Amino acid sequence: MQSKVDQIIQDVGLQGWSLTQNIFTQDQLHLMQELFDSDFLPAKVGKSHQLQRNEEIRGDWIYWIDTLNPPFVLEDLINFLEHLKQSLNQNFFLGIKEFECHLAKYPVNSFYKTHLDRFEKDSSRSFTFIFYLHEAWDKKDGGELVLYNKSGDVVKTVLPAPGSMLCFMSEDFPHEVKTCFRERRSLTGWMHTKIIN
Ligand code: OGA
Ligand code: MN
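Residues numbered from 1 in each chain as written. Chains lettered and ligands numbered in written order. Predicted model: local features only at pLDDT ≥ 70, side-chain atom pairs only at ≥ 80, totals over all residues.

Peer 1: I would appreciate a short explanation of the overall build of the chain in the present structure.
Peer 2: From N to C terminus, the chain includes 3 helices and 11 strands. Secondary structure of the chain in N-to-C order comes out as α-β-α-β-β-α-β-β-β-β-β-β-β-β. Oriented by its inertia axes, the alpha-carbon framework of the chain measures out at about 40 × 40 × 35 Å. Counting the 197 residues in the chain, one finds 31% classified as buried. Restricting to contacts in the chain with at least 6 residues of sequence separation, those with at least 24 account for 77%. (Helix = DSSP H or I, 4+ residues; strand = E, 2+ residues; numbered from the N terminus. Buried ≥ 20, exposed ≤ 12 C-beta atoms within 10 Å, placed from the backbone. Contact = placed C-beta atoms within 7 Å.)

Peer 1: Looking at this structure, I do not really get the site of ligand 1. What am I missing?
Peer 2: Taken together, the neighbourhood of ligand 1 is formed by Ala104, Tyr112, Asp117, Ile130, Leu145, His175, Val177, Ser186 and Thr188. When residues of the shell around ligand 1 are traced back to their parent elements, those giving at least two are strand S10 (175-177) and strand S11 (184-192). Class assignment for the residues of the shell around ligand 1 results in 5 nonpolar, 3 polar and 1 charged. (Near = placed C-beta within 6 Å. Nonpolar A, V, L, I, M, F, W, Y, C, P; charged D, E, K, R; others polar.)

Peer 1: Is there a simple way to think about the sheet that holds strand S5 (residues 112-115) in this case?
Peer 2: Whenever strands of a sheet pair, they do so through backbone hydrogen bonds, lying parallel or antiparallel. Strands sit in the order S5-S10-S7-S8 across an open sheet of 4 strands; the sheet is antiparallel. Each end of this open sheet is capped by a strand with a single partner; those strands are S5 and strand S8 (154-158). Strand-to-strand twist across the sheet, computed as the mean angle between neighbouring axes with direction ignored, equals 10 degrees. Where strand S7 (residues 145-148) lies against S8, 4 bridges are found, and the strand directions are antiparallel. (Pairing = 2+ DSSP bridges. Axes fitted to C-alpha atoms, helices over the stretch in contact; angles between N-to-C directions.)

Peer 1: Help me understand helix H3 (residues 75-92) in this model?
Peer 2: Given 3.6 residues per helical turn, the α-helix brings residues three or four places apart onto the same face. Helix length check: H3 (18 residues) gives 25 Å between terminal C-alpha atoms against 26 Å at 1.5 Å per residue, within 8%. Leu77, Ile78, Phe80, Leu81, Leu84, Lys85 and Leu88 are the residues of H3 that are buried. Along the axis of H3, the buried positions cluster into a sector of 150 degrees, meaning they face one direction only. For H3, the exposed residues lying more than 90 degrees away from the buried face are Glu75, Asn79, Gln86 and Gln90. Residues of H3 that are buried sit in contact with helix H1 (2-15), strand S4 (98-106), strand S6 (125-132) and S11. (Expected span 1.5 Å × (residues − 1). Arc of directions from axis to C-beta.)

Peer 1: Looking at this structure, how should I read the environment of His30?
Peer 2: Secondary-structure assignment places His30 in helix H2 (residues 26-32). On the basis of neighbour count, His30 is assigned to the exposed category, with 12 C-beta atoms found within 10 Å. The spatial distance from the C-alpha of His30 to the C-alpha of Leu14 is 34 Å, given a sequence separation of 16 residues.

Peer 1: When you look at the sheet that holds S6 in this model, what are you seeing that I'm missing?
Peer 2: Read across the sheet, 7 strands follow the order S1-S9-S6-S11-S4-S3-S2 without closing on themselves; strand pairing throughout is antiparallel. For this open sheet the edge positions go to strand S1 (17-20) and strand S2 (41-42), each flanked by a neighbour on one side alone.

Right, here's the structure in full:
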């Protein structure tokens, strides 16, 4: 775990993002599949009173995780994030207070158009992380995460390989999820510089 966190810190220092393969084994991923039987809600766009479902923008379904009392099968993942949070603060003085995360399920033919994870009037989301939790994924399944820079050039196209994790500085990278041709399962979240709620 330490070496994976160290590699992420090094990558983020150099380029602002990092992609780690094989954070989880096939056995661990298999155990996590039961989480996806939970009662997911349609993900919305916008904030508070402007919140609305718009499948032309995003078509995923989400289920929020209680990070203080996580499901047993997510304990390793939450520990990893706690560790990463401390390292990010020690190395980059980000002042991250806590993190939030949800499971996300993208049905076949859904996508999430290019967006920035920071809300216009709320700059508290500072670091984005995404763990890919489906048990199998092939190039033909689509669902790539495309990371852009602020000029709109492609920085990296990521195939959501099972057990991998992508993370990046929320402010610096607009990104999109291309159309999926198989159900795409992930855990996505944000490190915050403010206490949430
Ligand atoms: C998001 C998001 C990317 C992904 O939920 O904000 O951009 O690869 N997810 O699932
Ligand atoms: Mn996003």
